[in-house]
Structures are given as C-alpha cells and as structure tokens.
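Coordinates in review
Spelled out from the first residue to the last, the chains are:
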Protein chains: 2
Amino acid sequence: MTLTSDCKQCLACNNRSPMFSVLTEQELLVLGEVRYKVHFKPGEVIFKQGASCHNILSIRSGFVKIYLEDESGRYFTVKISSVDELIGKTSIFLDKRHHYSVAALTDVDVCFIDAEAFKKVLFTNKKFGELYANSWGESNIILWNRILSLAHKQMNGKIADILLYLSESVFQNLILENFVTSKLISEMSGVAKDNVVRTLSKFHKEKIIRFLKDEIVILNKERLEEISKKG
Amino acid sequence: MTLTSDCKQCLACNNRSPMFSVLTEQELLVLGEVRYKVHFKPGEVIFKQGASCHNILSIRSGFVKIYLEDESGRYFTVKISSVDELIGKTSIFLDKRHHYSVAALTDVDVCFIDAEAFKKVLFTNKKFGELYANSWGESNIILWNRILSLAHKQMNGKIADILLYLSESVFQNLILENFVTSKLISEMSGVAKDNVVRTLSKFHKEKIIRFLKDEIVILNKERLEEISKKG
DNA sequence: ATCATTAGATGATATTTATCAGTTTTTAAA
DNA sequence: TTTAAAAACTGATAAATATCATCTAATGAT
C-alpha cells in the first residue's frame, strides 16, 4: 500500500464516480480536502471486517473483492467492485465498524473520503442523496440475488450465476478478466474449489465456456442462463 | 384485506416507528394525508415481487414475512418484520417495482405511505434521513448474516442460525411465537422441510429446544450458539 | 360432525457434494 | 535456472442432504 498525492482534486478528477457530477464546486472542494488516495497491489487487504470505519471509499482504478469472514475463519466473497463505485455505503451508517473486508484483486487506486464530511454533503445536496440511495439500492439487489442463488440452487446453477454476474454486472463483457480463478469462483459461489474446477471443465467440454489457462470466456450465454434457471 | 379508517393521524399515532418522533408536526401532518391503513389476515399477501411500488409500509401491529421467489417458483424467506419497522426502504429507490414479496404471518395492520411524499420528508429532515439510513444499514447486516449462514454451514448450523435470529432479532424472547412452523424455518434456512422436522426433533431430544405442538422454546442457547459457530 | 388440508414424524433410498489423495501444470520467487 | 508455492485436474470415497412414501395428529371449513 502506497500513499500518493499525485492526483487532481475531486473537482477535476475524471476517475470519480459519476454521482459526484451533481455536486457543486463548493461541495467538491470540501470533499477534496478530506480525502486521500492510496494505491494497493493485488492481494493487499484494504480494510478488515471488525476494524473501525471512518471513511467511505471511492475506487478510481482496478478491482476489489468484498468478502465476509465467519466465526470459523471461512471466507465468502459477496461482490466485486470497481471504478465508479463507492464502498462503505452501509457501513458509514452503522456502528463505526466495518462489517466486511475488502481486498485488492488487481492494482487499485482508492480515495478514502472522511465519512462525516461525506455525510454532511449527502444530507445537504438532495440530488446527491437520491443518487446515493439509488446506488445503495442497486447493491442490495445483488445481495438478494446472491441469497436466492445460495438458498436453493445446486453447484451448476450457483456457478452459472457467478459467471453471469461477473459477465453482466462486473465486466460488461463475455471475457472475464484473468484474476477470475476457480478459487475466486469457489469463494463467491460457496462451492468447494475441486467441484468448481470440475464444473468449469465440464462447461468447457460442453462448449458453454472456454476455460484455458486462467482465461474464462462465455461462449453460450443462453445455455448458462438455462442452467442458472434450472438451478 | 380490509381498508380501515379508524386510526388517528400520524401525529397522534402511538404504533408508529420511533423514527417518526424526530419529524415536525407539519411533516407528520403531510404524511398523515398520504397514508392509509390496511388490515391483513394471516396468510394474506401484502404485495408481490414484480408488482409496481408506490408506497413505503409501516407495520403497526403483527408480523410479516419478506420473501423472494426464484424463476422456478421456489420461495425463500429473508426476514420477518414487525411493529416499528419500515418495509420498502430499498424499493422506493429502485425502479418502482417490488423486488420481494411480503405476506402476513398474523393479523396485521399496515400503513401505506406514499413514497414520493415520504421521500420529500426524508430529504428535508436531516435527522430523519440519518435514522432512516441507520435502519437501512441494520437491515443489510441481516442480509450479510443470512448469506454467511447459507454459504458454508450445514443443516444443523443453518437451523440454529434461524432459531437464534428469531429469538434475538424478531421476538426478543426464548419463546418463539406459534406461527413459527417447521415449514417457515425450512423457507428461512433453505433446508428441506423433512430435514427441519428431523433436526428440530433431534434438538428436542437433546434438550436444546422444546418442540411440542407448534410451540418452540429455546432451552439451551449456548449450545445453539456452538452449533451455529461450528456450522 | 365430518372431511379436507396441513404439519409433524420417520425410515429408506438416491443424489449431491465435500473431502481426500495424488498428479500435473503454471506462476512466482530466490 | 532451480525451487517453491499455487492452481488445475481427476478419481475414489464418505458424508450430507433431498426426495419419496407413508403414517398420525392437528386444524379449519362447511
């Protein structure tokens, strides 16, 4: 993790979340004063579940995973976030503790914005508040979908769900970035790693995906959707 | 479902969510004008996933279940809400559609409050906005916990989690209300009904709970917590 | 009071999935 | 360039769970 200061203020930042465009110059200046940018390398932990929480994060480049840890030390990755997304939308309204962990999947630049200053702007600018709430709502839909997938589906369906989620919501592309490994899909789907490998190999043989040396490409999305539906 | 008008305006309502206490008289009067109260009998559906959404709901008495339906028509009950809780905190900020269904578990009185008027108040009164966000955040913690439970735990752990959730978060009591049936626990835990019955009987034999004629009482909470932890 | 429906109960079976063990390949590090 | 550490791969096995079938008890409706 490296602290860098070579970035324009929020006012002129062109990696900022589009939400910020509804803020006034004055508001952007305020936020610019209370933020700092940090660089993380792949694998580095950005913050840990249980640690105290004083910032909301804005991702300026790269991909991070948001994951939960249970009492037995097992992980579950809930979602993957990237540019334009805010992290901690829920946490800043809770008990000043993080309720999940975040780690970098690639090289990542993150702006840490002071939560109190951010909240002040949030409650002052109605337009901004509404966009924030919309974006919070979108995040919740992902949670509901994850719950449905975990509750009743079996291996094939769970893995299909993850592939579709990654393609549609994370990359907007049929080609999945190469940090998507079987291990990551295992963490996201709740399916044991061995079985993820087996299933991906099977999908490869059936020409539903191409799965070669950590490259995953969706070849037959309709089929994946059927598998997801069937469960 | 019965439409009733025998209720005081929000101003004098003593079944309202405590959040409302930070509103001004003027704001309460506004909300009072755009709400209507409806009674539901046990089993009645209050709204369906996919239907259009123009209201936020405030439960004034009774218990409701919030559940998701998947493409194959299976149900999953995410949480149980009761007095003092708002339903639709996320939905009013989405695409005007409900993303889950709600049904009455007992006799229920619900206030339907017009979403647009509610949002106006929400963005005007900062204190109210903050309480709303806190309460939204609390709801999200429940979702995260559900996800962790579903992802890695097996039957015993999943069922223990539901019993603990009901006791701690819903009833604040070791005695679970008698609408909590094996079927409901099955819907909430993602475990097949037959296996829920088997597990509850086992817990009964081991004196962890008392499970007799639709009465469930937690006798040994520490043991349940161990089972939850072990998974 | 009777009938139909739902919940509880339980054993048997089949399916699904996790786990283990061992091999190969790839990637990263020294 | 060699070595170490992950990741991919695969078969075998064991464990967990869903499903099916059947029964009784309880509940609610007419």
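Preceding block: the structure.
Here is a short report on the structure shown in this document. Everything quoted here is computed from the prediction, not taken from an experiment.

Reading the values: the criteria
- Residues numbered from 1 in each chain as written.
- Chains lettered and ligands numbered in written order.
- Predicted model: local features only at pLDDT ≥ 70, side-chain atom pairs only at ≥ 80, totals over all residues.
- Heavy atoms only, no water.
- Helix = DSSP H or I, 4+ residues; strand = E, 2+ residues; numbered from the N terminus.
- Buried < 20%, exposed > 50% of the residue type's maximum accessible area, 1.4 Å probe, protein only.
- Contact = heavy atoms within 4.5 Å.
- Lys, Arg positive; Asp, Glu negative; His and termini not counted.
- Charge placed at Lys NZ, Arg CZ, Asp CG, Glu CD.
- Buried area = accessible area lost by both parts, 1.4 Å probe.
- Salt bridge = Lys/Arg side-chain N within 4 Å of Asp/Glu carboxyl O.
- Polar contact = N/O pair within 3.5 Å; in protein donor to acceptor, adjacent residues only side chain to side chain.
- Nonpolar A, V, L, I, M, F, W, Y, C, P; charged D, E, K, R; others polar.

**Some remarks on the overall build of chain A**
Along its length, chain A carries seven helices and twelve strands. The principal-axis extent of the C-alpha atoms belonging to chain A is close to 55 × 35 × 30 Å. Buried residues in chain A amount to 56% of all 231 residues. Sequence separation of 24 or more characterises 69% of the internal contacts of chain A that already satisfy a separation of 6 or more. Taken together, the 32 basic and 28 acidic charged side chains of chain A have centroids lying 4 Å from each other.

**Some details on the interface of chain A and chain B**
In this complex, chain A contributes 41 residues to the contact, which on the side of chain B involves 41 residues. Overall, the association of chain A and chain B removes approximately 3,900 Å² of surface from exposure, summing both partners, and the carbon and sulfur fraction of that is 68%. If you sort the residues of chain A by the area they bury against chain B, Phe123, Trp144 and Ile147 of chain A come out on top, with a joint share of 18%. Counting every contact that joins chain A to chain B gives two salt bridges. Here Lys119 of chain B ties to Glu130 of chain A by a salt bridge, and the two come within 3.2 Å at their closest N and O atoms. Joining chain A to chain B, the criterion identifies eleven residue pairs in polar contact (both at pLDDT 80 or more). Sorting the residues of the side of chain A that touches chain B by element identifies β5 (63-69), β6 (75-82), α2 (115-124), α3 (126-152) and α7 (221-230) of chain A as the ones contributing at least two each. Split into classes, the residues belonging to the side of chain A that touches chain B amount to 17 nonpolar, twelve polar and twelve charged.

**A word on the side chain of Thr106 of chain B**
All names here are of chain B. Counting through the fold element by element, Thr106 comes out in the loop between β8 (101-104) and β9 (108-114). A relative accessible area of 17% places Thr106 in the buried class. Polar side-chain contacts of Thr106 include one of 2.9 Å to the backbone nitrogen of Phe63. Discounting residues that sit within four places of it in the chain, Thr106 has contacts with Phe40, Lys41, Pro42, Gly62, Phe63 and Phe179.

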